Amino acid sequence: MTASFPADLHCPRIATREGGPELSRIVAGMWRMNEWGMSVEERIAFIERCIELGVTSFDHADIYGDYGVEGVFGETLRAQPALRDRMQLVSKCGIKLISQKRPQHGIQHYDTTAAHIIASCEESLRQLGTDHLDLLLIHRPDPLMDFDEIAEAFTRLQQAGKVRHVGVSNFTRHQFECLNRRVPLATNQVEFSPVYTAPMFDETFDGMQDLRIAPMVWSPLGGGRLFTSNDARALEVRRVIQEIADSLQQPFGSVLFAWIMQLPSRPIPLTGSGRFEAIREAVAGTRIQLERGDWFRILRAARGHEVA
Ligand SMILES: NC(=O)c1ccc[n+]([C@@H]2O[C@H](COP(=O)([O-])OP(=O)(O)OC[C@H]3O[C@@H](n4cnc5c(N)ncnc54)[C@H](OP(=O)(O)O)[C@@H]3O)[C@@H](O)[C@H]2O)c1
């Protein structure tokens, strides 16, 4: 279905915490960017359309596209430098992949030493062609991480003006709170969707709500599984969301993003698509308030059972 959107559709903004970064309520995820097969001109046009719609925050990681996406995005910014001041750049560090581009990596592993965090951030700045990141995240919790050392590295990067805000990704509530006691964290970026509901039940979202810090949410469509999987649970979620979408005369994606954003911890969803239509559907979700009964119908489909 090609949805018609209100002419004044515009993405609102959200501060992740008091004194934290202001991001667009929907953030554009760039993980898959190199799969979209866009020319520089097409990338400029895509980014400009996002920004005009109010989707001004772009999510990266050093490793995306086999260490290639930041460079391609940077090439786009070099071709249209005025875009940089109109956007917020998020990136991540801490995973070391096996890659021809990193022949020194003998095993896939994590590295959250201060030396690696700082070197990785500086490389992200070079690739993106910018002098600062708006937000830098530790990509995954590292069994060898030293909270004091990470906090010190973050603080040094902030003092040098290379990073405005810092945060983490895929941390448990306890890990988040340990590091947040040492340096104020802007967010915890975690996986969440109707096909992966753990953060709602393992205290991740409760802990963030308690601290009044908004989490970010990756793979809100289960990485596309919500559409492609023939798993009975995914089929039922699809059926229920479609039924609600039809009754509200809204696109499927808008209802799904609304379901996520309705959580009181104020999750900030990332899109993963290179189709502008999909970004617009997500933004349209910022205008939908689901009835409590409809919200629980989606939860019931997601979990396969009624609440007790
Ligand atoms: N922190 C972390 O550890 C972590 C991990 C993974 C991702 N992320 C971030 O989160 C962002 C979003 O993750 P994601 O890409 O997995 O998000 P997602 O929205 O769950 O999945 C996007 C995928 O779903 C497909 N899709 C969308 N609508 C569809 C439809 N109607 N029918 C079939 N397929 C459809 C997209 O294809 P089309 O392009 O064709 O729409 C795309 O391949 C990433 O870009 C990245 O920035 C972070």
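Residues numbered from 1 in each chain as written. Predicted model: local features only at pLDDT ≥ 70, side-chain atom pairs only at ≥ 80, totals over all residues. Heavy atoms only, no water.

For the protein chain, the count of helices and strands is 13 helices and 12 strands. On C-alpha atoms alone, the protein chain measures out to a radius of gyration of 19 Å, which is about the 19 Å that the 2.2 N^0.38 rule sets for 308 residues. In terms of its C-alpha atoms, the protein chain occupies a principal-axis envelope of roughly 55 × 45 × 40 Å. The buried share of the protein chain, reckoned over its 308 residues, is 56%. As presented, the protein chain carries roughly 13800 Å² of accessible surface, and 48% of it is formed by carbon and sulfur atoms. Side-chain charges in the protein chain split into 34 positive and 39 negative, and the spacing between the mean points of these groups amounts to 1 Å. (Helix = DSSP H or I, 4+ residues; strand = E, 2+ residues; numbered from the N terminus. Rg over C-alpha atoms; globule rule 2.2 N^0.38 Å. Buried < 20%, exposed > 50% of the residue type's maximum accessible area, 1.4 Å probe, protein only. Areas by Shrake-Rupley, 256 points an atom, 1.4 Å probe, with all protein chains shown as cover. Lys, Arg positive; Asp, Glu negative; His and termini not counted. Charge placed at Lys NZ, Arg CZ, Asp CG, Glu CD.)

Within the structure, the ligand sits among 26 residues, and Arg-32, Asp-59, Ser-219, Gly-223 and Ser-273 are positioned closest to it. The side chain of Ser-169 places a nitrogen or oxygen atom 2.8 Å from a nitrogen atom of the ligand. Within the contact set of the ligand, an oxygen atom lies 2.5 Å away from a side-chain nitrogen or oxygen of Ser-219. Summarising the interface, the protein chains cover 82% of the accessible area of the ligand, which totals 910 Å² for the free molecule. In terms of residue class, the shell around the ligand is made up of eight nonpolar, 13 polar and five charged. (Near = heavy atom within 4 Å. Polar contact = N/O pair within 3.5 Å; in protein donor to acceptor, adjacent residues only side chain to side chain. Nonpolar A, V, L, I, M, F, W, Y, C, P; charged D, E, K, R; others polar.)

Time to look at the packing of aromatic side chains. Note on aromatic pairs: each is described by the distance of the centres and the angle between the planes. Evaluated as defined, the whole model comprises eight aromatic pairs. Each ring, one from Trp-259 and one from Trp-295, has its centre 5.1 Å from the other, and the planes form 25°; the classification is stacked. With Trp-259 in helix α11 (residues 252-261) and Trp-295 in helix α13 (residues 292-303), this pair connects stretches of sequence that are 36 residues apart. Both residues of the pair, Trp-259 and Trp-295, belong to the buried class. (Phe/Tyr/Trp six-rings, centres within 6.5 Å; stacked < 30°, edge-to-face > 60°.)

Another point: the sheet that holds strand β11 (residues 216-218). Backbone hydrogen bonds hold the strands of a sheet together, and the pairing may be parallel or antiparallel. Taken together, eight strands build a closed barrel; the order of strands is β3-β4-β5-β8-β9-β10-β11-β12 and the barrel is parallel. Each strand of the sheet is rotated relative to its neighbour by a mean of 30°, with strand direction disregarded. Here two bridges tie β11 to strand β12 (residues 268-271), and the two strands are oriented parallel to one another. Considered in β12, the bridge of Met-216 is made with Ile-268. Each of β8 (133-138) and β9 (163-169) touches helix α5 (residues 147-159); the most contacted strand, β9, lies at about 155° to it. (Pairing = 2+ DSSP bridges. Axes fitted to C-alpha atoms, helices over the stretch in contact; angles between N-to-C directions. Contact = heavy atoms within 4.5 Å.)

Nothing here speaks to function; it is geometry throughout.
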